[in-house]
Amino acid sequence: MGVSIYALDDDEPEIDELAYVAPDAVVIGRVKIGPEASVWPGAVLRGDHGYISVGARTSVQDGTIVHCTAEHPTIIGDDCVVGHNAHLEGCVVEDGCLIGSGSVTLNRVVVGAGSIVAAAALVPEGFIVPPGSLVAGVPATIKRTGVDATWTQGAVRNYIETARHHRRGLRRIG
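First, a word on what this report is: a plain description of the structure on this page.

Rules of the game
Residues numbered from 1 in each chain as written. Predicted model: local features only at pLDDT ≥ 70, side-chain atom pairs only at ≥ 80, totals over all residues. Heavy atoms only, no water. Pairing = 2+ DSSP bridges. Helix = DSSP H or I, 4+ residues; strand = E, 2+ residues; numbered from the N terminus. Patch = residues over 30% accessible without salt bridge, like charges linked within 9 Å, V, L, I, M, F, W, Y side chains within 5 Å. Areas by Shrake-Rupley, 256 points an atom, 1.4 Å probe, with all protein chains shown as cover. Salt bridge = Lys/Arg side-chain N within 4 Å of Asp/Glu carboxyl O. Lys, Arg positive; Asp, Glu negative; His and termini not counted. Charge placed at Lys NZ, Arg CZ, Asp CG, Glu CD. Buried < 20%, exposed > 50% of the residue type's maximum accessible area, 1.4 Å probe, protein only. Contact = heavy atoms within 4.5 Å. Expected span 1.5 Å × (residues − 1). Arc of directions from axis to C-beta.

1. Let's talk about the pairing of strand β6 (residues 44-54)
Bridge analysis of strand β4 (residues 26-33) against β6 gives 7 bridges, and the strand direction is parallel. Opposite V26, over in β6, you have V44 as the bridge partner. Of the strand pairs in this sheet, β6 and strand β8 (residues 65-67) are connected by 2 bridges, and their pairing is parallel. Residue pairing in the sheet places V44 in a bridge with I65 of β8.

2. Observations regarding a negative patch on the surface
Taken together, D9, D10, D11 and E12 make up a surface patch of like negative charges. In this structure, D10 sits in the loop between β1 (4-6) and β2 (14-15).

3. Some details on the side chain of T105
Mapped onto the elements of the fold, T105 is located in strand β14 (residues 104-105). Residue class for T105 comes out buried when judged on its relative accessible area of 0%. When sequence neighbours within four positions are dropped, the list of residues in contact with T105 reads H87, L88, E89, C91, I99, V111, V117 and V123.

4. A closer look at helix α1 (residues 152-169)
For α1, which comprises 18 residues, the first-to-last C-alpha distance of 25 Å matches the rise-based estimate of 26 Å (1.5 Å per residue) to within 8%. Those residues of α1 not exposed but buried are T152, V156, I160 and A163. Buried residues in α1, looked at end-on, bunch into an arc of 95°, giving them a common side. The exposed residues of α1 that point more than 90 degrees off its buried face are R157 and R168. Elements that come into contact with the buried residues of α1 comprise β3 (20-21), β5 (38-39), β10 (81-82) and β13 (98-99).

And the structure:
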């Protein structure tokens, strides 16, 4: 079962041997994926204009788009969960964050450690999310601070186990 991993000119993705990249995900160019990270079906990580980094134990869910610019890499820290159909572009997501399904996080955004970007939120260019905050809305605003995001640790552990299960048991039948 082939995975869609592509070099672009001399830029080859660096994928840790303990990471899981689903067969229908696409990884192109200057992309680094850390140990026990997972990239799920339909996700596209395109490091063509700049650099993308996905930290250890971070999951990038189905249908998510991760891109960057020459000036603004996209860096996703350790122990993060990036929800289904999210879009991250030229931003920094610090450790332990949850990026909600269908949300958009744009250039020069910094999502502080342990923060939550709500589903369907639009985090506009240059917005700074303080550590431990919840942001929601279009455009996103800070809804709460002092969020205890340790509950994301359960989701992180779940996706590590799910990736191991897929690595062992996924097989194409048609």
